[in-house]
Amino acid sequence: MLPPGPSSHPLVQLVRWVQTPYPFLDACRAAHGGTFTLRLLGYGESVFTDDPDLIHAVFTAPTDTLCAGKGNDVLLPFVGEQSVLTLDGAPHARDRRLMTPPFHGQRMRAYGQIIARAAERAIADWAPGRTLPAHAAMQAVSLEVILRAVIGVDDGDDLAAGQRAITDMLATVSGATVFFELLRRDFGSWSPGGKYQRRRAITDKLLYDVIARRKAAPGDDILSLLIAARDEDGKPLDDEALKSELVTLLLAGHETTANSLAWALAWLTTQPEVLAGVLSELATAPDEPDAISKLPWLGAVCNEVLRILPVFPIVMRVAVKPWSHGPLDLPVGARIAPCIYLTHRRPDLYPEPEQFRPQRFIDRTFAPHEFLAFGGGSRRCLGQAFAMYEMKIVLATVLRTVRLKSVAGPSPIAERRNLAIGPRGGAMVTIEARL
Ligand code: HEM
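Attention in this report is confined to the structure presented alongside it. In this text the structure is predicted, and so the values were computed from the model without any measurement.

The end-to-end C-alpha separation of helix H15 (residues 255-268) is 20 Å, in line with the 20 Å expected for 14 residues at 1.5 Å each. Among the 14 residues in H15, 14 count as buried, and that is most of the element.

Rendered as structure tokens:
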């Protein structure tokens, strides 16, 4: 028997999950404890848990028993079947091996100046007195960075066209589009599904064109690496598989970082003491990406941003063989979801969890099953190091350039934004001054 959970109709559970995920999770834990079963329409039985011991067991379970690729089936309409997010087994391991190195070490650090320049450009028109959603500028930065890293685009048409196509496509995606298939169907160009399908076709064409160009003239970008890769039988990835991985990196690599940066600005503009700490650290640090990426308080602020209201509430695994841990027996087909949000709100791990307090990351190091903003085990986010590097450099650039004031309430409120969760209204800020 699975742990108890809400008895409401699966459609009601799905609607609450889509509309107000964090209050829904709080209510489930209050009623049923930290490990409970949801029945979300179309997704069967899913055990959600905030128990670090159980999460550790999930993250270290055999990958032929608990499968993350199948657990990410909600992403299939966006990234396809041949994506590192939706693959399992040997094909997953192959693609992951290929895609990981460019986002680490020296290759990653080569992007430091590109990130800083992209941030400067995105806020160049932030004039004193203007009020705007910070998310839009943060999205422009993270999309530019990932387009350069993954596809190797230079300044000019490719960059602008890529940014426009992907931003337009994502503007048609909401939490409801992700979870309700009907909303993705094409009922004509004015229907949400129709708009999505048309914008999706534009993005796909752009990506197939760029694949053809890189095949003719390889560069040192990730797409060129994927084109050159061969499987055990010496076969290359076909164009559809290449496109699947491009969309994966473009979406996973920019939506997440854009929302995290918007969260960071939403929190910093409501926490003057925390902001003062960042500014005083920056005042003595060299204006150099590597030095900035090592600043301890800035790092703690980024972690606390990802802890308190993470961009993903859960990660998901599907049992393809029966799996047991302690009293839990998971049958084939059932799902288990380490719950990032609820684990990050456990008072025994994070005292007064609703308080924004970066100091906790200075005082203590958290294990991967205690701080899981980037997931865990062999499926942990392959862009984690890159995302943290980018967040710190962008925040340093923004905070050194402008003085901001929040126009929201005392603490930010979460809403689903495209595929992730971000601050309501996109983190509205007023520019007080340019520095
Ligand atoms: C703050 C920013 C980010 C957050 C919070 C985040 C979070 C996550 C999470 C929770 C997962 C699922 C892990 C699991 O199932 O255990 C994931 C997977 C993934 N992320 Fe990220 N991510 C971020 C940035 C990035 C960036 C910048 C990239 C690309 C460079 C990226 C690429 C990926 C990929 C390819 C996967 C699939 C990994 C696999 O299944 O093997 N992410 N990310």
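Let us keep going from here.
Turning our attention to the packing of helix H9 (residues 134-151) against helix H21 (residues 384-401). Axis separation between H9 and H21 bottoms out at 12 Å; the angle between their running directions is 135°. Judged by the angle between their axes, H9 and H21 are oblique. The way H9 lies across H21 gives a crossing that is right-handed. Between H9 and H21, the contacting residues are Met 138, Val 141, Ser 142 and Val 145 on the first element and Phe 386, Glu 390, Val 394 and Val 398 on the second. Each residue belonging to the contact of H9 with H21 can be placed in one class, and the counts come to six nonpolar, one polar and one charged.

A few words on the pattern of salt bridges. Working definition: two side chains of opposite charge can pair if their charged atoms are close together. A complete count under the given rule lists 26 salt bridges for this structure. The residue Arg 379 makes a salt bridge to Asp 88 at a minimum N-O spacing of 3.2 Å. Here Arg 379 is found in the loop between helix H20 (359-363) and H21, whereas its partner Asp 88 is found in the loop between helix H5 (76-79) and helix H6 (89-99), with 291 residues between them in sequence. Both residues of the pair, Arg 379 and Asp 88, belong to the buried class. Between Asp 95 and Arg 94 there is a salt bridge whose closest N-O contact spans 2.8 Å. The exposure class assigned to Arg 94 is buried, which follows from its relative accessible area of 19%. When salt bridges with common partners are traced through the structure, they connect Arg 29, Asp 50, Arg 346 and Asp 348 into a single cluster.

Tracing the chain through its elements places His 32 in helix H2 (residues 21-32). Exposure remark for His 32: the relative accessible area of 29% places this residue in the partly exposed category. Sequence separation between His 32 and Pro 358 is 326 residues; the distance between their C-alpha atoms is 30 Å. With residues up to four places along the chain from it excluded, the contact list for His 32 reads Pro 4, Gly 5 and Pro 6.

Moving on, we come to the site of the ligand. As a structural note, the neighbourhood of the ligand is formed by 25 residues, with His 92, Arg 96, Arg 317, Arg 379 and Cys 381 the closest of them. In this structure, His 92 approaches the ligand through a side-chain N or O atom, which is 2.7 Å from an oxygen atom. Contact distances for the ligand include 3.4 Å between a nitrogen atom and a backbone N or O atom of Ala 252. Looking at the shell around the ligand, the elements with two or more residues in it are H6 and H15. With three residues, H15 is the largest single contributor of residues to the shell around the ligand.

Moving on, we get to the coordination of the iron atom of the ligand. Exactly one protein atom donates to the iron atom of the ligand; that atom is Cys 381 (SG), 2.3 Å from the metal. Looking at the element boundaries, Cys 381 is found in the loop between H20 and H21.

The next point concerns the side chain of Gln 139. Of note, Gln 139 is situated in helix H9. One polar contact links Gln 139 to His 254, side chain to side chain, over a distance of 3.4 Å. Once you skip the residues sitting within four places of it in the chain, Gln 139 turns out to touch Thr 167, Leu 170, His 254, Glu 255, Ala 258 and Asn 418.

Okay, the packing of aromatic side chains next. Given two aromatic rings, their pairing is described by the distance between the two centres and the angle made by the two planes. Applying the stated criterion to the full structure yields 11 aromatic pairs. Between Phe 78 and Tyr 196 the ring centres are 5.8 Å apart and the planes differ by 65°, which places this aromatic pair in the edge-to-face class. A residue pair is termed long-range when its members are at least 10 positions apart, and Phe 78 in helix H5 and Tyr 196 in helix H12 (residues 192-216) qualify at 118 residues. Across the pair, Tyr 196 and Phe 78 agree in class, each one buried. The lysine or arginine in question, Arg 416, covers the ring of Trp 17, its NZ or CZ lying 5.2 Å from the ring centre.

With that settled, consider the state of the cysteines. All told, the structure shown has zero disulfides when counted by the stated rule. Note on Cys 67: no disulfide assigned, nearest cysteine sulfur contributed by Cys 381 at a separation of 19 Å. Residue classification places Cys 67 among the buried positions, given a relative accessible area of 5%. Cys 339 forms no disulfide, and the closest cysteine sulfur to it belongs to Cys 28, at a distance of 9.3 Å. A relative accessible area of 0% places Cys 339 in the buried class.

What counts and how
- Residues numbered from 1 in each chain as written.
- Predicted model: local features only at pLDDT ≥ 70, side-chain atom pairs only at ≥ 80, totals over all residues.
- Heavy atoms only, no water.
- Helix = DSSP H or I, 4+ residues; strand = E, 2+ residues; numbered from the N terminus.
- Expected span 1.5 Å × (residues − 1).
- Buried < 20%, exposed > 50% of the residue type's maximum accessible area, 1.4 Å probe, protein only.
- Axes fitted to C-alpha atoms, helices over the stretch in contact; angles between N-to-C directions.
- Parallel < 35°, antiparallel > 145°, perpendicular 65-115°, else oblique.
- Left-handed = near helix turned anticlockwise from the far one by under 90°.
- Contact = heavy atoms within 4.5 Å.
- Nonpolar A, V, L, I, M, F, W, Y, C, P; charged D, E, K, R; others polar.
- Salt bridge = Lys/Arg side-chain N within 4 Å of Asp/Glu carboxyl O.
- Near = heavy atom within 4 Å.
- Polar contact = N/O pair within 3.5 Å; in protein donor to acceptor, adjacent residues only side chain to side chain.
- Donors = N, O, S within 2.8 Å, 3.2 Å for Na, K, Ca; no water.
- Phe/Tyr/Trp six-rings, centres within 6.5 Å; stacked < 30°, edge-to-face > 60°.
- Lys NZ or Arg CZ within 6 Å of the ring centre and 35° of its normal.
- Disulfide = S-S within 2.5 Å.

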